[in-house]
Structures are given as C-alpha cells and as structure tokens.
There are 4 protein chains.
Amino acid sequence: MGDGVASGPGVRAAVMRGPGRIGVERFPYPDVEPGAVLIKIEYSGICGTDKHTFRGETKQYAGTPHEIDIEFPLICGHENVGVVAETGGVVLDSEGVPLQLGDRIVPAANVACGSCVFCRGGFPYYACERLEDYGNSLNAARPPHLFGGWAEYLYLLPGTPLFRVPDELPSEIAVLTEEMSVTHGLDTARMLAADLHGPRVGETLVVYGVGPLGLCHLIKARLLGCGQIVAIDRLPHRLEVAGAFGASLLLNVTETDEAERVARVRELTGGLGADIVVDATGVATALPECLRLVRYGGTVVEAGAFVDMGPIGINPSADLCARNVSLLGIGGERSDFYLPTMRMLALNAKRLPFEQVVSHRMPLERAAEAIELAQGNDSMKVVFAPNTVPASA
Amino acid sequence: MGDGVASGPGVRAAVMRGPGRIGVERFPYPDVEPGAVLIKIEYSGICGTDKHTFRGETKQYAGTPHEIDIEFPLICGHENVGVVAETGGVVLDSEGVPLQLGDRIVPAANVACGSCVFCRGGFPYYACERLEDYGNSLNAARPPHLFGGWAEYLYLLPGTPLFRVPDELPSEIAVLTEEMSVTHGLDTARMLAADLHGPRVGETLVVYGVGPLGLCHLIKARLLGCGQIVAIDRLPHRLEVAGAFGASLLLNVTETDEAERVARVRELTGGLGADIVVDATGVATALPECLRLVRYGGTVVEAGAFVDMGPIGINPSADLCARNVSLLGIGGERSDFYLPTMRMLALNAKRLPFEQVVSHRMPLERAAEAIELAQGNDSMKVVFAPNTVPASA
Amino acid sequence: MGDGVASGPGVRAAVMRGPGRIGVERFPYPDVEPGAVLIKIEYSGICGTDKHTFRGETKQYAGTPHEIDIEFPLICGHENVGVVAETGGVVLDSEGVPLQLGDRIVPAANVACGSCVFCRGGFPYYACERLEDYGNSLNAARPPHLFGGWAEYLYLLPGTPLFRVPDELPSEIAVLTEEMSVTHGLDTARMLAADLHGPRVGETLVVYGVGPLGLCHLIKARLLGCGQIVAIDRLPHRLEVAGAFGASLLLNVTETDEAERVARVRELTGGLGADIVVDATGVATALPECLRLVRYGGTVVEAGAFVDMGPIGINPSADLCARNVSLLGIGGERSDFYLPTMRMLALNAKRLPFEQVVSHRMPLERAAEAIELAQGNDSMKVVFAPNTVPASA
Amino acid sequence: MGDGVASGPGVRAAVMRGPGRIGVERFPYPDVEPGAVLIKIEYSGICGTDKHTFRGETKQYAGTPHEIDIEFPLICGHENVGVVAETGGVVLDSEGVPLQLGDRIVPAANVACGSCVFCRGGFPYYACERLEDYGNSLNAARPPHLFGGWAEYLYLLPGTPLFRVPDELPSEIAVLTEEMSVTHGLDTARMLAADLHGPRVGETLVVYGVGPLGLCHLIKARLLGCGQIVAIDRLPHRLEVAGAFGASLLLNVTETDEAERVARVRELTGGLGADIVVDATGVATALPECLRLVRYGGTVVEAGAFVDMGPIGINPSADLCARNVSLLGIGGERSDFYLPTMRMLALNAKRLPFEQVVSHRMPLERAAEAIELAQGNDSMKVVFAPNTVPASA
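Residues numbered from 1 in each chain as written. Chains lettered and ligands numbered in written order. Predicted model: local features only at pLDDT ≥ 70, side-chain atom pairs only at ≥ 80, totals over all residues.

Across its full length, chain A holds 12 helices and 20 strands. At 21 Å, chain A has a C-alpha radius of gyration in line with the 21 Å of a compact globule built from 393 residues. If one aligns the C-alpha atoms of chain A with their principal axes, the spans along those axes are about 65 × 45 × 40 Å. In chain A, which comprises 393 residues, the proportion classed as buried is 62%. Within chain A, contacts between residues separated by at least 24 positions form 69% of all contacts whose residues are at least 6 apart in sequence. (Helix = DSSP H or I, 4+ residues; strand = E, 2+ residues; numbered from the N terminus. Rg over C-alpha atoms; globule rule 2.2 N^0.38 Å. Buried ≥ 20, exposed ≤ 12 C-beta atoms within 10 Å, placed from the backbone. Contact = placed C-beta atoms within 7 Å.)

As structure tokens, this is what we get:
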C-alpha cells in the first residue's frame, strides 16, 4: 500500500482515498510476474468517469454482470501511453511481436477474463462478464497496487492487450487512443445509414457535448469522411476547439433554446435534420433533444451516459417509430480499434490541430487542481505527465 | 362518393363516416386511368391502425414530413390480395412483367412520390416525404374513391408497386405480406448482433405482444433460423397460436409480473437475457420492460407504436449505455421485401400452421363487428372477403 | 504410439500409416493434463479432406502462414461428437460453464494459438497463423497420440473450444456441426446481396456439388429462409437427397451440358440467374460455370477447393466486372457458429429429413471401405461409431 | 446530325465518326422537352472507356442484359460538370429542389429505365437492364444528338439524376464525381473486412494502376480513414501524383518484379499483405498478382476491367479458399454516391493536392491529341473545357 508520503524512495502515484481526497503516495517498485508488463507513464488522461469518482459517484455498469461500486484507495488513469520498463518474460504485443524494453505502447484500459460466454463467443472485450478496469475496478489495495496511470509506473496484468505506438504518432495524440476507441457507435450508425440507403460518406453529424469524448467523435467523423458537423456545448472554449477541428456550426446551449437548435440544424441539412447525432454530454436530459435533431431514418448514439443520472421521458411513437430512428447505447471501448485507430491518427497527425486537444500537462502533485481544470471552460483534455512535469510546474 | 345505400348497383365498400360509424355504401365502377390497376379483392385485413382510426385516434406519423390526421369518409384496408380486373394500358409488375387480367397480386400499401429527397436517394419507399397510404391518407372523398381494400374492388394509382403472388402461395397467407414486410427491424437487429460478434443464426427472441404484427415477427424468426422464442401477451388464445408457431415459452402478463418474466427469460438463456426483443404491443409502457428482457449487447425493436400513446421513462445510462443496448424504431413496411417474403412463405406454407393466422373471414356488412372481433381473445387476423363471403355469413 | 495390433487392451484407433494404408491400432489410455479433455466418441465423420489425405494429396493451406504437408501416422477425424470421459481439472464449455463427466459435446476441429496477430485481433479462429487441426496437422506421432476422432477416445488440448450439445439434438445431426460451420460464406453472400438492394430472404441458390458440404449449404439455406434451390451433381443419390431437403430443380452433370444448366437456372429465375451460387465440388473446373449461373450483381461462394487442383481461366471483365459479381473464397469453419448452429438444428430436427444425411455408421475396422463408400453414389455422410458399431458390422 | 463543319452557327461537339476519327461538328441548338435539361459544359473528362472506343474496342457489358456494341457517330463524355442553360419545365435535383438557370450541376452518367426488375427492386441504377449511357450507348445519330459532354452543351433526358454542386467545390474537382462514384468496391471491401473482425479504419491498401480511376480509389481511401497506401504503376508521373496524395510506397512495375512487389508490401504490413487490393489497371494480367498482394482474409476489388481483355488463370484453392480471399467485380458507378461524394470532397478540397488531378484542359478542336495525352506519362485526368479554352490553346 501507499505510504501516504509524497517524497522519498518508491513509485509516486496520485491516490484517491475517498471522494474529494487525493494526494501523492509512494509504493514499492513492483516485481513483475510472468506475462505482466510494467510501463513508465508518459501521459495518463483524466476521463469523465474519473471526475465522477472524485465526486463520489462510484456506481458503474449498473444492472450488468460487471456492475461495480468503485472502492478506495484508488489510483485512477485508464487512458495511458508509456514505455516498457520491465516484462515478465516474453510478452507479445497485439500483433504477436515480443515487446522490448523501451518500446512505446498504449495498453488496453481493461483486462477481460477470457472464459465467460462473451469472451469465448468472440464479443468485444468490453462485453466480458468479469471485466477488470485499470484505474476503476482494479484498485490500489490489491498488490502490487499500481493499477492506474496517474503514477510513475503502471502495472499491467498478464492478458492485457498491449498496442505498439507507431513511430510517427506523438504521445500526446496516442493518449487519445482509448477514448477514440469508445467512438465505435459512430461506425455502427454509419452502417445503419448505409443499410437503409447506400452511401457511407458525407453524412451530417451533430455532436452534442464536445468535451474530450465528443471531440473524439468529431475527429473520427472528420478523418472518416463524414460531411458537415455541428457542435453543441455550453463552454465557449470547447466550441472553439470543435470549430478548429472542422465543425461548421457551433451552438452554445446557454445562448440558444432547443427549438432554435433544431431549426439551425434543419437549415443546414435541407430541412431534414442530421444523419447522425452523438450524445456525449453525460447528462440524461440531452437525449430527447438529440432524438429531435436527427433526421427521419437517422441514428442517435448515446455515448456519454456512463454514470446513472436517472431516467428521462421518450415517446416510442413520435420519437422512434414515426421517425424510424435508431438509438444505440455504447457500453465501452473496443480493443480491436486501438491499433487501427493509432495508425489512422499517425497518418493524419498534421492534418488536424491535435495540439489543441491536450490542453494541460500536470504533475501528480496537483491532481485535485487537474481534476478541477478538466471540468472547466479553459481546458480540453488534461493529462498527467508524472515523469516529465516537475511537481512545482 | 358513396351513396350510403347498401344494396343496388355499383361497387360495395365498407365506409367509415367518422369514429365508430361504419357501413356499406356503393360507388360507381371506376374508369381506370393509364398506369392504374383495378383489382377484385380476395382478402383485405384489419390492421391495428384501422382499429385506432375507428376509435378516432387518427393522428399518424406525428412529427414527420408526412404527418397526417386521417380524414373521413374512409375506406380502410391496406393489407390486400386480389386479382387484376382492369389495367390502364400495359402495367408492369415488380419484375417488369406486364400484368394480365386475372393475375393474382398483392399491391403495396403505399404510393411514393418518386421525387422527394428520400425517393430520389434510394431510401425505402416508406421514407417518402409525400407518401400516400391506401386506406389511410387516401380517403374516399377523392375520386374514384376506391382507395381501400374493404371493398369489392381496389383502385391502385399509377406508380403503386404491384407484386405477383406465387402460384403455390394461398391467398390467406399472401394477405399477410404487407404486415410481414413491417418486420424488417428483425433483420436489422440480427445484423447488429452479427456486427458485434458473428453468427447470424439461433438468436433467442422475445416477442412482446403476439397479435398479428407480433406473430409476423415470430413467423419470420422461425423461417429465418432464429433459436428459442418467447411470446408475451395478455390474451390466452394469442399465446396458444404463438405456441403453435414454435414459441417455447409463453408468458401471460395477467399471470406474471415483470420481475418474473425477466427471470423466466434469463433462465431460458443461460442467465443472459434475449438476443433480440420485439415490442409489438402498441402500448408505450412495454418498452422499459423490453429493455430489461434483452441481454447485454442485444437489440430491442420497437415495432408497435404507430399511434402516439405518450412518453415513458428510459434511463440512458442503465438501460442503454451500461448494457450496450440498441433500440430500433420501425417506421413502416419495405416494398422491396414483398416479393422475397412471398417466395419464402410459399416454400414454407405447409411447415407452419398458417391456417391459424386468419381466424375470421367477414363480409363487409359486418364491419363494425369484425373490428370488434379483431381486438378480442378469440381472433388472430380478421379479414374481409368482400366477394366470397355472403353478407349474411 | 500405436502398437499396430487390432485387439488387446488400450484405446482402439484407425491409423493411416501412409497413402492408402489404414488399420486399427491400440494406444495407451492417456493421462489428461490440466485444461485438457478426453471424450468418448459417439460419431466421427469422414470429410472430403480425409479422402484426399488417404490418396496422398496431403498439402493443405498452400501459400498461407499455416501451410502444411500432412504427416503420417495419422488418426483422422475432425467432425466429432462424444461424451466427456475425463477433464484435466475444471474445464469450461463455450458458455463458461464447467464440463461434467457424461456431458455430450462437439469439440472445435482446431486449436488456435491465441497469440498471433489474427488471434489477438479478434479474427475467426480459422485465421490463426499457427492453427492446429485435429485429424490433420495434429498427428499420431505426438503423445498422447489420440488427436483424431476415428478412435474410441479423442484427446482435446487445453484451449480447444468445446460446445455443449442441446438435449433435443440427436448425435447423428450434431456430427454435422463442424461442416455446417464452414457454410458462413452463405451468410456473407446474403449480406452482400442485402448491401446492394435490401431483402435478406427468399434468395435463389444454386449448390454445385451436393456431397455433405454442399448439402450443409442447402440445409442452411432452407433453415434460414432462402427461396428456390437448385442442386447440381453427378451422383443420382446425392441429387435425390438434395431433393428431399427441398431443392426444387435437380441437374445431373452427366445428363446436361453447361448451356442447358445455365438455361434451366435462368428459366427458374425469371431470366436472371441465381442470387447466390455455392461451389462445393472440390474441382477447379466448376468455378467458371458458377460465374455464369449467378445473376448480375450476385455472389459465388467458392467453398470446396481445400486441396490444390491447379488453376482455371476466369475473365475479369466478362465474369466479374461486367456482371458485377462477387467471389468469396472460404478458408475454414468458424467456431463461433458451432453453438448457434446446433441450437437452430435442434429446433428444426424434425422439419427436414436429417435421417438421410448420415447414410452409414461404420466400425473402425472397416476404415478403408468406409472411405471408399464416402466417395460413391450410395452414401451421403459416412461416420465412424467406434464405441457402438461392432467390428463385424 | 452534325454538319461536319467546325465553324459557323450551332453547338460545337467533338464527334467520333469511327475508330481513330474525331473532329468538331456543329449541331442545332436543341429544343428541350418536358423534364429534360440542357447544361452548358464546364468540364468533361476523358475516361478509360473513351480511349478504348477511340481504338475501336467497342464491346461493353459483355454477357449482360445491357451488353452493347457502341455505335458511331458518337459524342463521348460521361464525366461532366456544367451549368443549367435550359429546363423543360420544372425539373428537380436529387434532393427534390427545382433547378434554376445557372445552377451548377453534375449529371449522372446514365439514365435508368425505371421499370425493369432491378430498377423496381431498389438496386443501384447501374444494374438497370436497359441502362442508357451518355457518351456511350446514347449516340449522336439520335436527335437531339447532344448526348455526350465533349460539346458546348449536353442534353439530359427526363429521368436523369441531377446533382447540385456544393458552392465550395471547384468544378475541376466536381468533374471527378462520376469516377469517384465507381469506387464503391472499396466500401464493400471495408465492410467485408469489418465483418471478419471489426475495425473500419486504418486498413492498408494497394492500388494497382494509379491512372484516374486508381487515383480516385486512393483519394477515397485517404479521405475515409484508411491506413498505409501502396501505389503500383508503370508511369513515373502517375506514381508521383499518387505519392503527393499520400501513398507511402511507390512501386514501378518496370523496375520491380512480382516477387519483389509482394515482398515490399509484406514488409510494410508486418508480413501479412495488404488488407485491400484494388486492381484499376484495365489489364487482365494484374489480377493474379493482386491475389498474392492481399493478406489472408483480405479483399481484392477488380475495378478496371470494363473492356474484355480475355481470361487469366486463377487457382481457386491457393488464391481464394486457402487464403480466404474475397474478389469483388465492380460493374459501374452508383448514383446515390454522387451527392455525398461531392459534399465530402468539398470539405476536403484544400487538404489534398487536387490541383494535380486535372492535368490538362483541352479545347474540342484538339480531341485526338487529348485522347493521346490521356494515355501517356505526362497527364493524369485530361478534360475538355469546350466553352472556356480557345480552339487554339
């Protein structure tokens, strides 16, 4: 366990001891069991889930086989990029190639059991009934403790999928890989659109909520040949970044009402509404509006509701049947998207203003402040850089 | 217009003059314009929509470009099979073959405009912005009046897709073609399942509400290689018919509560829940339960809510995201499914107890009674047989 | 190793010592390592590949990472059904449920490595770069020797997917599971058809070569809602069985020429040609004809060419582009299809004349004769029943 | 008919009178029938098919319902962009909006009959059994003669799909729309890849033959998020342009042999081969090599063989089954891709060096020279600009 001491020997980590309580502690440098890997963290992102955990909203996957109430002490951090510091014997990357010390990798955010009906049936790993999540279900009480990326080192259990970062991909983009891999609802939505009529290009898109997850959807839409993109948010800076990434219509919810937003989106789309609407707000109340922003026969991707915020009212007739609308709930990220996503990002690293995504690189010592920052107007993605940014930065 | 006279010369039709008011009237035998077709009706079904119209619930497609408030006088009947009595010159069937007098056909239930963005873009015809519906938007005030199948003859406008009935397919099965073509949500649901993991066979299915539309989903599931099927309804006779068609678990909502139904479905599916759940109840309240009957990563098809029954509460986090559930609203039937559906039915006509589907063949003169029957326990599909069943039958 | 002695103690197996040389030998009853399973064989089928091996045509997967020249001594048999006789500790079935002694299972025909780029990337297991095949690459020289189903017991290595047979599914149908799982080209072909226009039912199908693999395609087509089916073969008995399973047009290649067959298929399909053509002949020369039997925009599934029979001529312009034809090469069977396939078969066990599929149950002692039988007119699927059919049967 | 006179009154057009014979003639300015549209040509491209026609290779769609032997006199030109000069009454664009004089449009290259089994069944329009092709089957003998884009004006028959060019899309990019709409094989190939394992991004691609059609595939791959791209050609300039558009490996067939090319592609792809290989060479001999460049489980798109160049040898076992390869023949362009393609191009007009695509703008008077140019090293896409480039340019 952590010693609660910020200085001295051992591996530094930002440890949550309870809601609102976070501070640097030190852990023994771990022995690495066979099949496991220890990486030295370059960057570890702050995710929306982490913010909820810090507020004490700790119920995840409610109603599923892997429902969990996150327990403290916890080292958060499941969006990671780092270099291999030690391996427990020969450990293979996702392509079956042995990892070498110094290799730069993005590890999967989860470890699947490999033996449940979903794992054995070829489902995406996030469907695993006994999924373990770095920085979430894997807490710091369990030795060797270092199960989150908000630390100098991250301990990766045997069986964790490990993805080599392409040389041309800067780590500040690679750290987005996990979040980019949650955007597969967009692929499914495009498939549904194609199933109804045909083309798989040029679709119009509304992204409701352009924090990091919404922005990842927007980036993907841009890189995969979608058409016009509308961004909706309440924070002006986020809308600005969305605009820099190619959103052509920016709507601030504090300056417009629903009727106006619906009208503006219809105006942009020849009166139809958007082909696809992504709800990445994390608040239940946006969903009914999303159902009205989408066109007849279109698809709404519900990607933000990872924490239970209660029910909202939906009209099965008017919202779904009469308008032939599909609604996709997204349950997590797909590990088989990590490598192709990194390759696509590598090829397009200079095309889009990726330098605007990671807005802050923070030391572990300023964790509470970093979490605060991640929720405000002045940031986009806030990451920890435990090994390069000095405590006083 | 109809003469309000039940006997004498002219074409007999059951005319709704307002909510709860229906009776036989006579119309002049029409001239057939170029491209149009007149068919002599063999069977014309009573659909859930018709029952709503008869109750005065006449708002359809709320919130869409073809939203309409059904107007009287109206000859209902959009599920039709009949023989060609006259054609306006050479008229081609769906395969481009000229129709001959005496050919047995199932006409599409709608006529698309051919010029809106959806028609021109290759969308299914039910997406047309100016869709005209036989027996619904096409009312009896407009000459030549005979725009519904509850009549001796049905007038089919130029441009109506017309499908030849395979010789081996009895008309009492062919009359199900339109309703069978509303079941495409099942195909999409299976595609979504395959997209997540692979197989396209053996899926477990819950059909919630096994009136004619639910039964059509059940029939399709049986004929297309699905696995175990659960039927839920409140009417014992409907459950019996569902059992005869292969449902292996029958649950009566008056004898079980939601918790018990969820438990029974999980028991049948190794604890998982059903791969696909079809809501064909027509009542908004079934949807939340459907979301709990479906397994992690499964799909709910909302196929019954063609009339606005108000909103219900859904939890975006627990019902959709945490369980990675997709929800598909179905907007109508696909005309490109008519012919392949009839061919598949023809090949399987003897395999399933189709004789249990059409439970009553009624004369036009007993229309009010027929509509009543269609809502009770003793019937499944009630059809009119205007040319063969005597008024006194 | 086998003792070359047909009687006495030990586990009996039919061992190929070289091309054309097969006889019963005895092996020690094996110790079962942790994670492994020993099953007592009920039935083990003779597959086309086995016939090739017996003729000395032993090159498989030419030009791929798992290319192999099959080595003797060999116990063939990869289409198996049996009951669990021993397990190495707790071993889970495909649904994550521990196996019990006496459980009836169908084991996968292969073991994937779990670590190559395909295994790690979520591909079907037959894409594994280091795939091991029971009865093929896994030969009898390697202890504990019993790696094929033509024996009293089959030894299943740790990691082999194991599928529980539904109670209602007779073993003589369950033994078809592996071969049924090679028919996924049909699913892909239907998806391609749907991608071009829409319906996923009622497709017309030609099965060229209705030996067991072709028949499995035909069965699948029937159970999954395809339309008219044409069977082509040179053996009258096989055509008869195809007819019993619902093929409506039977063409014997010794009585018709290509032009006539093309004409007959067009006649059946309104002049178009078949939506899907499956080549299950195992001879290269059928493919060009298949390309002419398929309609514009249709798909040819090449499923029989598992042994290299040399090249044939194809015209990229006339055969592919001008007619917009897709051609799918099938590389093996998908393990994720085993369980859903068995469930679908269980539900339909009485619908189709499955008793005509397994035509002969043979003892191991008559192996050479059984292989001979499997190639002639009088058989369909020939299986060994090592524990129930006496040597003298 | 044309008057064979290059100067004087009337509409100028480049008329092919036979193989190798082309010159400017004048035609009467046409009356525009109801539903038809006359556009003033901005650009009209020279396509590979046109080069074949000029050589007297005039057989198209061999073996299909719309097989044709192109007849002279002919005004070629089916890749067009122009402005509306006259309409026959109210004519709607693809979105159902009436066209105004001066609107800039890209017309479809074909007119479908609307009544054959494919047209009525919802297939892409290029499947029409009675398809008429501008600049090909529609020749100059039929009044009003102006059925090709190599002329000042193009006459568009009633029923031709007409697509509005987005304001931000320059005409020199819009002229690529038709050819870009032939690249749908790439979409299908990606769907097949996704069906096998999952991701729809980052696929590696080989484009064999980077003339305009190959380049369009490469552009699409770049804009739709593919990964590494390999270009193969014999002309250095074409490879250069491919490099400018993002191909990372350029292989000249005059400097490498097949074994070397296969080795280089495997080196780039971790030993696997390319996910997708597009054959856009127009020569039959490239196909076998394409089958060896693709990885296990990958897809080859045969997109260039629009003219019959005879058969080549393919090994069904080694090339297709053993390697689980799919092969897609592409039959034409999809009209439902025109508008979304233009919208995607408009959004990305500045991202890629589109100015390198149209290499030459020619006057009608230099038609023979232009066709010659289009086949040489120094050009990419050669277009006519009949109304803006002076005859002497």
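By a widely used convention, the size of an interface equals the accessible area lost when the partners come together. In this complex, chain C contributes 50 residues to the contact, which on the side of chain D involves 49 residues. Those elements that provide at least two residues to the side of chain C that touches chain D are α5 (184-196), β16 (294-302), β17 (312-314), α10 (316-321) and β18 (326-329) of chain C. With five residues, α10 of chain C is the largest single contributor of residues to the side of chain C that touches chain D. In terms of residue class, the side of chain C that touches chain D is made up of 29 nonpolar, 17 polar and four charged. (Nonpolar A, V, L, I, M, F, W, Y, C, P; charged D, E, K, R; others polar.)

The next subject is the relation of the copies chain A and chain C. Once chain A is rotated about the relating axis by 180° and shifted along it by 0.0 Å, it coincides with chain C to within an RMSD of 0.0 Å. As the rotation angle and translation indicate, the two copies are arranged about a two-fold axis. By residue overlap, the copies meet face to face through one surface: 100% of the interface positions of chain A are interface positions in chain C. (Least-squares fit on C-alpha atoms with pLDDT ≥ 70 in both.)

Pairing is mixed across the open sheet formed by 12 strands, whose spatial order is β14(C)-β13(C)-β12(C)-β15(C)-β16(C)-β18(C)-β18(D)-β16(D)-β15(D)-β12(D)-β13(D)-β14(D). Edge strands, defined here as strands with exactly one partner in the open sheet, are β14 (249-252) of chain C together with β14 (249-252) of chain D. Averaged over all pairs of adjacent strands, the angle between their axes in this sheet comes to 15°, without regard to strand direction. Pairing geometry for strand β13 (residues 229-233) of chain C and β14 of chain C, over four bridges, is parallel. Note on β14 of chain C: the bridge partner recorded for Asp233 of chain C is Asn252 of chain C. Each of β12 (205-208), β13, β14 and β15 (274-279) of chain C touches helix α8 (residues 258-268) of chain C; the most contacted strand, β14 of chain C, lies at about 175° to it. (Pairing = 2+ DSSP bridges. Axes fitted to C-alpha atoms, helices over the stretch in contact; angles between N-to-C directions.)

Of the transformation superimposing chain C on chain D, the axial component is 0.0 Å and the angular component is 180°, with the fit at an RMSD of 0.0 Å. The overlap is high: 98% of the interface residues of chain C also sit at the interface in chain D, so the same surface is used on both sides.

One can find Gly271 of chain B in the loop between α8 (258-268) and β15 (274-279). By the C-beta count within 10 Å, which is 14 here, Gly271 of chain B ends up partly exposed.

This next bit is on helix α5 (residues 184-196) of chain D. The end-to-end C-alpha distance of α5 of chain D is 19 Å, a good match for the 18 Å that 13 residues give at a rise of 1.5 Å each. Of all 13 residues that make up α5 of chain D, 10 are buried, and the element is covered over most of its length. The complete set of buried residues in α5 of chain D reads His184, Gly185, Leu186, Asp187, Thr188, Ala189, Arg190, Leu192, Ala193 and Leu196 of chain D. The secondary structure elements touched by the buried residues of α5 of chain D are α5 of chain C together with α6 (212-223), β15 (274-279), β16 (294-302) and β18 (326-329) of chain D. (Expected span 1.5 Å × (residues − 1).)

Residues and elements named next belong to chain A. Looking at the assigned domains, one finds that chain A contains domain 1 (11-179 + 334-384) and domain 2 (183-329). The C-alpha centroid of domain 2 is placed 27 Å from the C-alpha centroid of domain 1. Secondary structure elements with two or more residues in the side of domain 1 that touches domain 2: α1 (48-55) and β4 (59-60). Looking at the side of domain 1 that touches domain 2 element by element, the count peaks at three residues for α1. Residues that form the side of domain 1 that touches domain 2 fall into these classes: eight nonpolar, seven polar and six charged. (Domains from an automatic or database assignment.)

Further remarks concern the packing of α8 of chain B against helix α9 (residues 286-293) of chain B. Packed helices, taken two at a time, are described by the angle their axes make and the gap between the axes. Residues and elements named next belong to chain B. Running from N to C, α8 and α9 cross one another at 30°; their axes reach a closest spacing of 10 Å. Judged by the inter-axis angle, α8 sits roughly parallel to α9. Note on packing geometry: the crossing formed by α8 with α9 is right-handed. Packed against α8, whose contacting residues are Glu258, Arg261, Val262 and Val265, the element α9 presents Glu289, Arg292 and Leu293 at the interface. Partitioned by chemical class, the residues of the contact of α8 with α9 number three nonpolar, no polar and four charged. (Parallel < 35°, antiparallel > 145°, perpendicular 65-115°, else oblique. Left-handed = near helix turned anticlockwise from the far one by under 90°.)

Moving on, we come to the sheet that holds strand β14 (residues 249-252) of chain B. Ordered by their spatial adjacency, 12 strands build an open sheet running β14(A)-β13(A)-β12(A)-β15(A)-β16(A)-β18(A)-β18(B)-β16(B)-β15(B)-β12(B)-β13(B)-β14(B), and the pairing between neighbours is mixed. Two strands in the sheet have a free side with no partner beyond their single neighbour: β14 (249-252) of chain A together with β14 of chain B. For this sheet, the mean angle separating the axes of adjacent strands, direction not counted, is 15°. Strands in contact with helix α6 (residues 212-223) of chain A are β12 (205-208), β13 (229-233) and β15 (274-279) of chain A; relative to β12 of chain A, the strand with the most contacts, it is inclined by about 165°. Where helix α8 (residues 258-268) of chain A meets the sheet, its contacts fall on β12, β13, β14 and β15 of chain A, and the angle it forms with β14 of chain A comes to roughly 175°.

All names here are of chain A. Along the polypeptide, Thr177 turns up in helix α4 (residues 177-180). C-alpha separation for the pair Thr177 and Val165, spaced 12 residues apart in sequence, amounts to 9.8 Å. Residues in contact with Thr177, not counting those within four places in the same chain, are Val106, Tyr338, Thr341 and Met342.

So, on to the pairing of strand β7 (residues 104-107) of chain B. Residues and elements named next belong to chain B. For strand β6 (residues 80-87) and β7, the ladder comprises two bridges, and the chain directions are antiparallel. Among the inter-strand pairings, Val83 is bridged to a residue of β7, identified as Arg104. Two strands pair when backbone bridges link them, and β7 and strand β11 (residues 162-164) are joined in this way by three bridges, in the antiparallel orientation. The residue bridging Pro107 from the neighbouring strand is Leu162, located in β11.

On to unusual backbone geometry. Residue and element names in this part refer to chain B. The omega angle of the peptide bond from Pro143 to Pro144 is -5°, so this bond is cis rather than trans. Relative to the assigned elements, Pro144 resides in the loop between β9 (132-133) and β10 (153-156). Backbone geometry places Asn324, a non-glycine residue, at a positive phi of 50°. Judged by C-beta crowding, with 23 C-beta atoms within 10 Å, Asn324 ranks as buried.

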